[in-house]
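Structural characterization, general
So the chains spell out like this:
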Amino acid sequence: MSAIALTQINDRARELAPGISISLVVGAAATFLSEHYGAPVMLFALLLGLSLNFLAGEGKCKAGIEFTARSVLRIGVALLGMRITLEQIAALGWKPFALVVILVLVTISASVLAARLMGFKRIFGMLTGGATAICGASAALALAAALPSHPQKEKATLFTVIGVSALSTLAMILYPMIANAFGLSPQQAGVFLGATIHDVAQVVGAGYSMSPETGDTATVVKLMRVAMLLPVIVAAAMVTRMQGAETGGKRPPLLPWFAVAFLALACINSTGWVPALVQGGVNEASRWCLVVSIAALGMKTQLKELATVGIKPILLMVGETVFLVVLVLLLMHWGL
């Protein structure tokens, strides 16, 4: 490597270091608060990031915060592939898989339609619908990374992350009560919780609060939903590729690199050759990347702009969540 290239790399590292460092500090603080107070770590990262939004203006931290919100986010999404295996999905049979495919397709389609009817851009419906149908904040961030740049995209992404984090926490408390009210068996309750709660952590908390069997089933069904992240990202990329004018004429790649990495890691994890220590390390690295990138995303957001969203986006997300619960209960009643 030439001396000029080394100098450029060194200069770039110096430019990014302040912003990356502050994002790491905010991520560590959010993790500490989450562990001690029990609220979602993503929510703490967002709120702390928002409180430091002045750092993303013109200054030493700007470049590093931009890099963290974009590139570190995509790394975290790619590493999510290590959470799932094909064997886990096959173990429950075809019915839960069919249920997951139907609920993801119907929920995202209904969300995009509802967003349009309420006067929002299609991108907001895709973000909220994907977050609701797949895996909460992680899905919102993954879809945001795959969708083209848009003046409102970051604000929509932040609002979606805040919304699904709050709704997931509420669901962790309420949904086990719903499962008991409907007299669901432990396995049925696991399918219900895994198919309806947005974030993985809250699914695990709700499932194992009922029984070990319910927790195991809920976790696997949730991982099926996580597996749907790849085809949804590809579909989003295809839609935006066909409408390349939205990105100024430059079409995004048909399959983003982080989606390829997600699939590759899922296949590697399915071989059974990955030691538990490595798997745990990759999952923790993914969590850290997502938390740190959300903190950076929060720092990039102007609070006065986020405060202008109004009541309609809140109604949209609550409506999507209720729609998902009703849809899953109906599908289970019909034998799926």
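Residues numbered from 1 in each chain as written. Predicted model: local features only at pLDDT ≥ 70, side-chain atom pairs only at ≥ 80, totals over all residues. Heavy atoms only, no water.

With that settled, the discussion passes to the overall build of the protein. The helix and strand tally for the protein stands at 15 helices and zero strands. Among the 336 residues that make up the protein, the fraction classed as buried is 49%. Taking contacts inside the protein between residues at least 6 apart in sequence as the whole, the part at least 24 apart equals 79%. Per element, the accessible surface of the protein, about 15,300 Å² overall, is 69% carbon and sulfur. (Helix = DSSP H or I, 4+ residues; strand = E, 2+ residues; numbered from the N terminus. Buried < 20%, exposed > 50% of the residue type's maximum accessible area, 1.4 Å probe, protein only. Contact = heavy atoms within 4.5 Å. Areas by Shrake-Rupley, 256 points an atom, 1.4 Å probe, with all protein chains shown as cover.)

As a further point, take helix α6 (residues 122-146). A rise of 1.5 Å per residue sets the reference length of α6, with its 25 residues, at 36 Å; its end C-alpha atoms lie only 14 Å apart and thus fall more than 12% short of the reference. Residue Ile134 marks the point of greatest curvature in α6, where the axis turns by about 135°. (Expected span 1.5 Å × (residues − 1). Bend = angle between axes of the 7 residues up to and from the residue.)

The contact between helix α7 (residues 153-181) and helix α8 (residues 186-196) brings their axes to 10 Å, and the two run at 145°. Considering the relative orientation of α7 and α8, their crossing is right-handed. Facing α7, whose interface residues are Tyr175, Pro176, Ile178 and Ala179, α8 presents Ala189, Phe192, Leu193 and Thr196. Among the residues forming the contact of α7 with α8, the class breakdown is seven nonpolar, one polar and no charged. (Axes fitted to C-alpha atoms, helices over the stretch in contact; angles between N-to-C directions. Left-handed = near helix turned anticlockwise from the far one by under 90°. Nonpolar A, V, L, I, M, F, W, Y, C, P; charged D, E, K, R; others polar.)

Take the packing of aromatic side chains next. Counted according to the given criterion, the structure contains three aromatic pairs. A centroid spacing of 5.8 Å and a plane angle of 45° characterise the contact between Tyr175 and Phe192, whose relative ring orientation is tilted. Residue Tyr175 is located in helix α7, and its partner Phe192 is located in helix α8; the two are separated by 17 residues in the primary sequence. What makes Tyr175 buried here is its relative accessible area of 7%. Members of the aromatic cluster, joined through ring pairs, are Phe120, Phe124 and Phe159. Over the face of the ring belonging to Phe120 we find Lys312, whose NZ or CZ atom lies 5.5 Å from the ring centre. (Phe/Tyr/Trp six-rings, centres within 6.5 Å; stacked < 30°, edge-to-face > 60°. Lys NZ or Arg CZ within 6 Å of the ring centre and 35° of its normal.)

Turning next to the side chain of Lys222. Mapping Lys222 onto the fold places it in helix α10 (residues 212-227). Of note is the side chain of Lys222, whose polar atom sits 3.1 Å from the backbone oxygen of Ile197. Reaching out from Lys222, the side chain makes a polar contact with the backbone oxygen of His198 at a distance of 2.3 Å. The residues touching Lys222, leaving out its near neighbours within four places in the chain, are Ile134, Cys135, Gly194, Ile197, His198, Asp199, Val200 and Val203. (Polar contact = N/O pair within 3.5 Å; in protein donor to acceptor, adjacent residues only side chain to side chain.)

Counting 91 residues, the largest nonpolar core has Val77, Leu103, Val104, Ile134, Phe192, Leu229 and Ile233 as its most contacted members. The element that contributes the greatest number of residues to this core is α6, accounting for 17 residues. Other than its neighbours up to four places away in sequence, Val104 contacts Ala133, Ile134, Met228 and Val232. (Core = buried A, V, L, I, M, F, W, Y, C linked by side-chain atoms within 4.5 Å.)

Here Gly215 shows up in helix α10. By relative accessible area, Gly215 is classed as buried at 0%. Taking the C-alpha atoms as reference, Gly215 lies 8.8 Å from Gln187; in sequence the two are 28 residues apart. Residues contacting Gly215, with those up to four places away along its chain left out, are Gly207 and Tyr208.

Let us now look at the packing of helix α5 (residues 94-117) against α6. Two numbers describe how α5 lies on α6: the axes approach to 8 Å, and their chain directions differ by 150°. Viewed along their axes, α5 and α6 adopt a mutual orientation that is roughly antiparallel. The chirality of how α5 crosses α6 is right-handed. Side by side, α5 and α6 meet where Leu103, Val104, Thr107, Ile108, Ser111, Val112, Ala115 and Arg116 of the first sit next to Arg122, Gly125, Met126, Gly129, Gly130, Thr132, Ala133 and Ile134 of the second. (Parallel < 35°, antiparallel > 145°, perpendicular 65-115°, else oblique.)

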